[in-house]
Amino acid sequence: MNDQDSELTASAPELTALDLENLWHPLVQHRDLAGAPPRCIDRAEGSYLYDAAGNRWLDAVAGIWCVNVGHGRSELADVAREQMSRLAFAPLTMSHEPAIRLATKLVDLLGYPSKVYISNSGSEANEAAFKIVRQYHAQAGRDGSGLGRYKIIARYRGYHGNTLGALSATGQAERRMGYEPLVPGFVFTSAPDPYREETDCAKALEQTILREGAETVAAFIMEPIIAGGGILIPPDDYLPRVREICDRYGVLLILDEVVTGFGRTGKMFGHQHWEVEPDIITFAKGIASGYMPLAATVVRNEIFDAFSGPADGMNHFRHINTYAGHPVATAVALRNIEIVEREGLVDRSAKMGEFVLRALAPLKAHPNVGDIRGRGLLVGVELVEDRASREPLSADKAARVVAHCAEQGVIIGCTTNTTPGMSNVVILAPPLTISEEEARTMVAALDAALYKELPANDSGPSRE
Ligand SMILES: Cc1ncc(COP(=O)(O)O)c(C=O)c1O
């Protein structure tokens, strides 16, 4: 071991002490970490994470639903090393081949003429989208009215990121509290939740547009399937009707495919389940499988054209991120997409998703399981206190189920701090490369956790 290595190979207790002293972790109450410090992951391979002592966990959430091609791909490490040696950095005020090729690949995959603005995270990709739609309407306006349209309609329970603009479009009260007031001009409407409500949400969108005054509404943003908000899959007519309504009122449709892109739901892109094309689409996560931070905002040429104007004018997009279009990140993303295609991971996600849903089906017998739903390898199990009333399971009981899975060596997700009272949807979104045996292990862990932590009573079959 040389001196450089030694910093990375401190003993586990030493690392934990340094962690608790210096590192601020997301989404957790630090007061609780002393008794239960975060798992310190040392390496990963395929579907598994390992700590330095060799303990391993099945990563049933693919990082944060991003490691689509699985962990430990040396091919991607090689691409990164080669690109870093050749050209580690050049901003996109100039140009370079990896960014050009990635943009070309995205446009080819989407199949309609577009321009690709590259950034570093899902939040940034959405921020860019919001600025683009406002500037677009200020400069061109589809209806020819020019100025006036600035409102962005988003949905309750949707998530679009953590920066102030993206958070302003996030319809999850617990992510917003304490940071409000947020950016003006964001308005909310309901998202379909077929398990709990029969609301006609497309109609609700139309009403919202009309009540706000269509001539003030710039865009509507939605996730094709709400991910972190609880795996909410809309009825089949929802997205086609949304497209129609947006067209009718001159409202641009932004699809946030940060989670649903690149095979996660069993299609290359989530919107392809409904054959509806957006005006703007945002990507992150699976675009580079988490091997590098990278995101993209893809904008139809009709919208891009409104940014044309004299060189000394103000019509161009006045926006920059230093690392946007980073050569290493774009080179890695390009190869990552190649792997998704070469290994047929989109089809695999569809097939394994069906396999997982079939394997989960017997859990419907458990009285605290209200609903099981999924598309591809984006699967949710909604837990309830009581099936008849559908009252959401309490957050601490759901957390016990998650913890029990981790004790069995399987890391699953759960809605956390989203809509008040709704920390009850367990999420399974493993790498798209997961094997049948690993999928069985994942389901068996959830099954055991449910029966152990929420023992079935007289109203259901008991394992005890
Ligand atoms: C649908 C969706 N959009 C946007 C984001 C924000 O992405 P990031 O965390 O990369 O900023 C997320 C993150 O989970 C997301 O799930």
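Residues numbered from 1 in each chain as written. Predicted model: local features only at pLDDT ≥ 70, side-chain atom pairs only at ≥ 80, totals over all residues. Heavy atoms only, no water.

Draft legend 1. Structural context of the pairing of strand β3 (residues 56-59). In this structure, strand β2 (residues 48-51) lies alongside β3, joined through 3 bridges in antiparallel fashion. Counted as the bridge partner of L49 is W57 from β3. The hairpin turn running from β2 into β3, its antiparallel successor, is 4 residues long, and G54 in that turn takes a positive phi close to 95°. (Pairing = 2+ DSSP bridges. Helix = DSSP H or I, 4+ residues; strand = E, 2+ residues; numbered from the N terminus.)

Draft legend 2. Quick look at the packing of helix α4 (residues 74-86) against helix α12 (residues 327-342). Where α4 meets α12, the closest approach of the two axes is 9 Å, and the angle between their N-to-C directions is 150°. Classified by the interaxial angle, the pair formed by α4 and α12 is roughly antiparallel. Seen from above, α4 lies across α12 with right-handed handedness. Two secondary-structure elements touch here, α4 through E75, L76, V79, A80, Q83 and M84 and α12 through P327, V328, A331, V332, R335, N336, I339 and R342. Within the contact of α4 with α12, the residues separate by chemical class into 9 nonpolar, 2 polar and 3 charged. (Axes fitted to C-alpha atoms, helices over the stretch in contact; angles between N-to-C directions. Parallel < 35°, antiparallel > 145°, perpendicular 65-115°, else oblique. Left-handed = near helix turned anticlockwise from the far one by under 90°. Contact = heavy atoms within 4.5 Å. Nonpolar A, V, L, I, M, F, W, Y, C, P; charged D, E, K, R; others polar.)

Draft legend 3. Just the domain arrangement of the chain, in detail. For the chain, the domain assignment lists domain 1 (39-69 + 345-453) and domain 2 (74-342). On a C-alpha basis, the centres of domain 1 and domain 2 stand 27 Å from each other. For the pair domain 1 and domain 2, the summed buried area comes to about 3,200 Å², and 57% of that belongs to carbon and sulfur atoms. Linking domain 1 to domain 2 there are 2 salt bridges. Residue E382 is joined to R196 by a salt bridge in which the shortest nitrogen-to-oxygen separation is 2.8 Å. Put simply, domain 1 and domain 2 have 24 residue pairs in polar contact (both at pLDDT 80 or more) between them. Looking at the side of domain 1 that touches domain 2, the elements that each hand over two or more residues are α3 (62-65), α13 (345-360), β11 (369-375), β12 (378-386), β13 (391-392) and β16 (425-428). Of the residues assigned to the side of domain 1 that touches domain 2, the class counts are 22 nonpolar, 13 polar and 6 charged. (Domains from an automatic or database assignment. Buried area = accessible area lost by both parts, 1.4 Å probe. Salt bridge = Lys/Arg side-chain N within 4 Å of Asp/Glu carboxyl O. Polar contact = N/O pair within 3.5 Å; in protein donor to acceptor, adjacent residues only side chain to side chain.)

Draft legend 4. Looking closely at the nonpolar core. Judged by nonpolar contacts, the single largest core of 67 residues is most densely connected at F283, L360 and L446. For this core, the leading source of residues is α12, giving 9 residues. Those residues in contact with L446, other than ones at most four positions away along the chain, are L360, L363, V381, V401, C405, I412, V426 and L428. Of all hydrophobic cores here, the second largest spans 34 residues; its members include W57, L205, Y238 and C246. (Core = buried A, V, L, I, M, F, W, Y, C linked by side-chain atoms within 4.5 Å. Buried < 20%, exposed > 50% of the residue type's maximum accessible area, 1.4 Å probe, protein only.)

Draft legend 5. The arrangement of the sheet that holds strand β14 (residues 410-411) in detail. Pairing within the open sheet is mixed, and its 4 strands lie in the order β1-β2-β3-β14. This sheet does not close on itself; its edge strands, each paired only once, are β1 (41-45) and β14. Pairing of β1 with β2, which is carried by 4 bridges, proceeds in the antiparallel orientation. Among the inter-strand pairings, I41 is bridged to a residue of β2, identified as D51.

Draft legend 6. Up close: the pattern of salt bridges. In this structure the tally under the stated criterion is 23 salt bridges. Note that R241 is salt-bridged to D237, the shortest N-O span being 3.6 Å. In this structure, E453 engages R400 in a salt bridge whose closest nitrogen and oxygen atoms are separated by 3.1 Å. With E453 in helix α15 (residues 436-453) and R400 in helix α14 (residues 395-407), this pair connects stretches of sequence that are 53 residues apart. Exposure remark for R400: the relative accessible area of 37% places this residue in the partly exposed category. A single network of salt bridges, built from pairs that share partners, joins E75, R335, E338 and R342.

Draft legend 7. Quick peek at the site of the ligand. Among the 13 residues in the neighbourhood of the ligand, the closest are listed as G122, S123, D256, V259 and K285. The separation between an oxygen atom of the ligand and a polar main-chain atom of G122 is 2.8 Å. Measuring from a nitrogen atom of the ligand, one finds a backbone N or O atom of Y159 at 3.4 Å. Relative to its unbound accessible area of 390 Å², the ligand is 82% covered by the protein chains. In terms of residue class, the shell around the ligand is built from 4 nonpolar, 6 polar and 3 charged. (Near = heavy atom within 4 Å. Areas by Shrake-Rupley, 256 points an atom, 1.4 Å probe, with all protein chains shown as cover.)

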